Amino acid sequence: MTDRETVVRVESCGSEPARVHLRTGVLAPRLVARTADAVEVALVATTATLLGGDHARVRLEVGAGCRLVVRDVAATVAYDGRGGTALWDNVIDVEKGGVLVWQAEPFVVSDGADVRRSTRAEVAEGGRLLLRDTVGIGRSGQAGGALRCRTRMTYDGTPAVAEDLDLSPESRSLPGMLAEARIIDTITALGWRPTPAADHFELAAPGTMARRLTREAHTSDVDAIWSLWSSHLER
């Protein structure tokens, strides 16, 4: 059983390299690159996760005017919990004029896993968030366990995303849910609106969401969408 928080906090310090605070939890943050106002960090698993009874938390904090790029080294697998529930929380805070780009690797829910996952993001005025979240139901040849996701995002104090998604086996088979899909691939842009398309969701606050439901990960076109949207944030 684990109950540890991974923290990445970036603060500007003028012309000197940005101040970076890293704390290892279930994931270990590794500094990849750093300039006066931009930081790149890789998240590396430190132990087998997730198991029943684990509580993992990832906290990402971006100071005013800073840019943080986060990359996962590998997918996260929730294993058979043997009757126990695992918790995973993402907590994101982007201050005024800050930018956070996180292309998370897939979160895979194995047979027997029971996971409750939450994402809370607060983006201040002038800040920008680009987040990719890919969920895989079951490993190869598996039906997959249970996953319940709660997402709350705000921009300048205005609610932008409020979603509760029940991906338990009994819910996935209901009409209008996943049908044969095993992959839920989602990109959320908050703080600006990328080029609109008919199959994108425009948020109430400045922002857009694109989501694909597919049987196999390689059939999703989200890679192309990610490339386009992330190019809007390049310096």
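The coordinates are above.
Worth saying up front: this structure is predicted, and the values here are computed from it rather than measured.

**Student:** Just checking my understanding: could you explain the environment of S173 for this structure?
**Tutor:** Its location among the elements puts S173 in the loop between helix 1 (169-172) and strand 15 (183-190). Look at S173 and you get exposed, because its relative accessible area is 60%. The spatial distance from the C-alpha of S173 to the C-alpha of G98 is 40 Å, given a sequence separation of 75 residues. Reaching out from S173, the side chain makes a polar contact with the backbone oxygen of E170 at a distance of 3.3 Å.

**Student:** Help me understand the nonpolar core in this model?
**Tutor:** Nonpolar side chains in soluble globular proteins tend to end up buried together. Among the nonpolar cores identified, the biggest contains 48 residues, and L68, L100, W102 and L129 are the most heavily contacted of them. Ignoring anything within four residues of it in the chain, the contact list for L100 reads L60, V62, L68, V70, I92, V94, R128, L129 and L130. With 13 residues, the next largest nonpolar core counts V69, L130, I225 and L233 among its residues.

**Student:** How do you make sense of the environment of P206 when you look at a structure like this?
**Tutor:** One can find P206 in the loop between strand 16 (200-202) and strand 17 (207-214). The exposure class of P206 is partly exposed, given its relative accessible area of 33%. Excluding its chain neighbours within four sequence positions, the residues that come into contact with P206 are Y155, A189, L190, G191, W192 and R193.

**Student:** Any chance you could explain helix 2 (residues 222-231) here in plain terms?
**Tutor:** Given 3.6 residues per turn, any residue in an α-helix points the same way as the ones three and four places further on. All buried positions along helix 2 are accounted for by V222, I225, W226, W229 and S230. Buried residues along helix 2 cover an arc of 120 degrees about the axis, so they all sit on one side. Elements in contact with the buried residues of helix 2: strand 9 (99-103), strand 12 (128-137), strand 15, strand 16 and strand 17.

**Student:** Help me out: how do you make sense of unusual backbone geometry in this one?
**Tutor:** Note on backbone geometry: most residues besides glycine have negative phi, and most peptide bonds are trans. Positive phi, close to 55 degrees, is recorded for D156, a residue that is not glycine. Structurally, D156 can be placed in the loop between strand 13 (146-155) and strand 14 (158-166). Phi is positive for A179, close to 55 degrees, though the residue is something other than glycine. Mapped onto the secondary structure, A179 falls in the loop between helix 1 and strand 15.

**Student:** Just checking my understanding: could you explain the pattern of salt bridges for this structure?
**Tutor:** Counting across every chain of the model gives 20 salt bridges. As a salt-bridge pair, R71 and E40 come within 2.7 Å of each other at their nearest N and O atoms. Of the two residues, R71 sits in strand 6 (residues 67-72) while E40 sits in strand 4 (residues 38-45), which places them 31 residues apart along the sequence. Residue class for E40 comes out partly exposed when judged on its relative accessible area of 22%. In this structure, the salt-bridge partner of D199 is R212, at a minimum N-O distance of 2.8 Å. Here D199 is found in the loop between strand 15 and strand 16, whereas its partner R212 is found in strand 17, with 13 residues between them in sequence. The class for D199 is partly exposed, based on a relative accessible area of 41%. Here R212 falls in the buried class, since its relative accessible area comes to 14%. In the salt-bridge network here, residues are joined through shared partners; they are E5, R23, R57, R59 and D89.

What counts, and where the lines are drawn
- Throughout this document, residue positions are counted from 1 along each chain, in the order its sequence is written.
- Given that this is a predicted model, residues contribute local features only at a pLDDT of at least 70 and side-chain atom pairs are listed and counted only at 80 or more, while totals for whole chains, interfaces and linings are drawn from all residues.
- The basis for every side-chain value is the complete set of non-hydrogen atoms in the structure, without hydrogens or water.
- Runs of H or I in DSSP of at least four residues are treated as helices and runs of E of at least two as strands, each being numbered from the N terminus.
- The classification of residues rests on relative accessible area computed with a 1.4 Å probe and restricted to protein chains. Under 20% of the type maximum is buried, over 50% is exposed, and intermediate values are partly exposed.
- Side-chain atoms alone can form a polar contact between residues adjacent in sequence; in general such a contact is a pair of N or O atoms within 3.5 Å, and within protein one must be able to donate a hydrogen while the other accepts it.
- Here, nonpolar core refers to any group of buried Ala, Val, Leu, Ile, Met, Phe, Trp, Tyr and Cys residues whose side-chain atoms link them within 4.5 Å.
- The contact criterion used throughout is that any non-hydrogen atoms of two residues lie within 4.5 Å.
- Throughout, the arc means the angular range of directions from the helix axis out to the C-beta atoms.
- Just to be clear on terms, a salt bridge is a Lys or Arg side-chain nitrogen sitting within 4 Å of an Asp or Glu carboxyl oxygen.

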